[in-house]
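# Secondary and tertiary structure notes
Take a look at the letters that make up each chain.
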Amino acid sequence: MGIRVEATADWPAIYTICEAAFRQLIEADLVHRMHDDGDLILSLIAYADKPAGHVAFSHLAIQELPALKGCVLAPLAVAPEFQRQGIGSTLVRHGLERLRADGYDLVLVLGDPDYYARFGFTPGLASQLKTPYDGPYLQALALSEKGKEAHGPVSYARAFAELK
Ligand SMILES: CC(C)(COP(=O)(O)OP(=O)(O)OC[C@H]1O[C@@H](n2cnc3c(N)ncnc32)[C@H](O)[C@@H]1OP(=O)(O)O)[C@@H](O)C(=O)NCCC(=O)NCCS
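Residues numbered from 1 in each chain as written. Predicted model: local features only at pLDDT ≥ 70, side-chain atom pairs only at ≥ 80, totals over all residues. Heavy atoms only, no water.

## Some words on the overall build of the protein
The helix and strand inventory of the protein stands at six helices and eight strands. Secondary structure of the protein in N-to-C order comes out as β-α-α-β-β-β-α-β-α-α-β-β-β-α. For 164 residues, the compact-globule estimate of 2.2 N^0.38 gives 15 Å, and the protein sits close to it at 15 Å. Classification of the 164 residues of the protein by burial places 48% in the buried group. Within the protein, contacts between residues separated by at least 24 positions form 65% of all contacts whose residues are at least 6 apart in sequence. Total accessible area on the protein stands at roughly 8,100 Å², and carbon and sulfur atoms take up 52% of it. A gap of 3 Å separates the mean positions of the 15 positive and 20 negative side-chain charges of the protein. (Helix = DSSP H or I, 4+ residues; strand = E, 2+ residues; numbered from the N terminus. Rg over C-alpha atoms; globule rule 2.2 N^0.38 Å. Buried < 20%, exposed > 50% of the residue type's maximum accessible area, 1.4 Å probe, protein only. Contact = heavy atoms within 4.5 Å. Areas by Shrake-Rupley, 256 points an atom, 1.4 Å probe, with all protein chains shown as cover. Lys, Arg positive; Asp, Glu negative; His and termini not counted. Charge placed at Lys NZ, Arg CZ, Asp CG, Glu CD.)

## Some details on the packing of helix 1 (residues 11-22) against helix 2 (residues 26-36)
With their axes 8 Å apart at the nearest point, helix 1 and helix 2 run at an angle of 145° to one another. For the pair helix 1 and helix 2, the contacting residues are Trp11, Tyr15, Cys18 and Phe22 in the first and Glu27, Ala28, Asp29, Val31, His32 and His35 in the second. (Axes fitted to C-alpha atoms, helices over the stretch in contact; angles between N-to-C directions.)

## So, the environment of Ala74
On the secondary structure map, Ala74 appears in strand 4 (residues 70-78). Overall, the relative accessible area of 18% leaves Ala74 in the buried class. In this structure, the C-alpha to C-alpha distance between Ala74 and His151, residues 77 residues apart in sequence, is 20 Å. Beyond its immediate sequence surroundings of up to four residues, Ala74 is in contact with Met34, Ala56 and Phe160.

## Some remarks on the site of the ligand
Taken together, the neighbourhood of the ligand is formed by 17 residues, with Val78, Arg84, Gly86, Gly88 and Ser89 sitting nearest. Separating a nitrogen atom of the ligand from a backbone N or O atom of Leu76 is a distance of 2.9 Å. At 3.1 Å from a nitrogen atom of the ligand is found a side-chain nitrogen or oxygen belonging to Asp112. When isolated, the ligand has an accessible area of 870 Å², and the protein chains bury 66% of it. Listed by contribution, the elements that provide at least two residues to the shell around the ligand are helix 1, strand 4, helix 3 (87-101) and helix 4 (113-116). (Near = heavy atom within 4 Å. Polar contact = N/O pair within 3.5 Å; in protein donor to acceptor, adjacent residues only side chain to side chain.)

## Concerning the pattern of salt bridges
All told, the structure shown has five salt bridges when counted by the stated rule. Its salt-bridge partner being Arg158, residue Asp37 comes within 2.8 Å of it at the nearest N-O pair. Residue Asp37 is found in the loop between helix 2 and strand 2 (40-47), and its partner Arg158 is found in helix 6 (residues 158-161); the two are separated by 121 residues along the sequence. The salt bridge partner of Glu81 is Lys50, with a shortest N-O separation of 3.4 Å. (Salt bridge = Lys/Arg side-chain N within 4 Å of Asp/Glu carboxyl O.)

## Observations concerning unusual backbone geometry
In this model, Ala74 is joined to Pro75 through a cis peptide bond whose omega is -10°. A positive phi angle is found at Arg23, which is not glycine, with a value near 60°. Structurally, Arg23 can be placed in the loop between helix 1 and helix 2. Look at Arg23 and you get exposed, because its relative accessible area is 77%. Notably, Arg84 is not glycine yet its phi reads approximately 60°, a positive angle. With respect to the element layout, Arg84 can be found in the loop between strand 4 and helix 3.

In short, shape yes, function no, at least from these values alone.
Encoded structure:
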């Protein structure tokens, strides 16, 4: 399995993966909108013998701490035939390593805590923030010491507000 940064030619693959994983196109459209809005920080595709998984990271503004570099992990998708082979975990870990190297301080995710705890995400850190998704499924991971001090209201990429 290989991982590469998304290129324009990968759009059909991203749609195929997301539609297979979520059985709808909302998540693929979200990625496309974030891309068009310039809000995507990192978009990675995992290839096995064909496109197998995808993860996107987008801008997050922490309003009271504008110098803090935040981002949102969403969506994460692995096509059903490739699930439970470590592809989702590899995509997340690869993405987090790149973000840490790029100086990011904080990553937010909305998802199952049983899955995201393995990467170090916790609801406790997320509860310091005020988001449209507050609750037990919202989790955060600090990539730096500064990240642990994140607090207050945040702004997601515009495309999230158009989801409902
Ligand atoms: C969630 C998802 C990305 C995981 O990808 P994956 O490649 O199958 O995951 P991995 O192989 O890296 O990890 C498998 C582990 O995660 C667990 N797992 C998989 N999906 C899970 C879920 N929805 N909730 C909790 N745990 C889950 C498995 O039990 C397995 O645990 P184990 O290592 O203890 O056996 C994939 O199942 C998927 O695309 N699902 C549909 C879309 C979705 O729900 N995306 C997440 C949105 S937040």
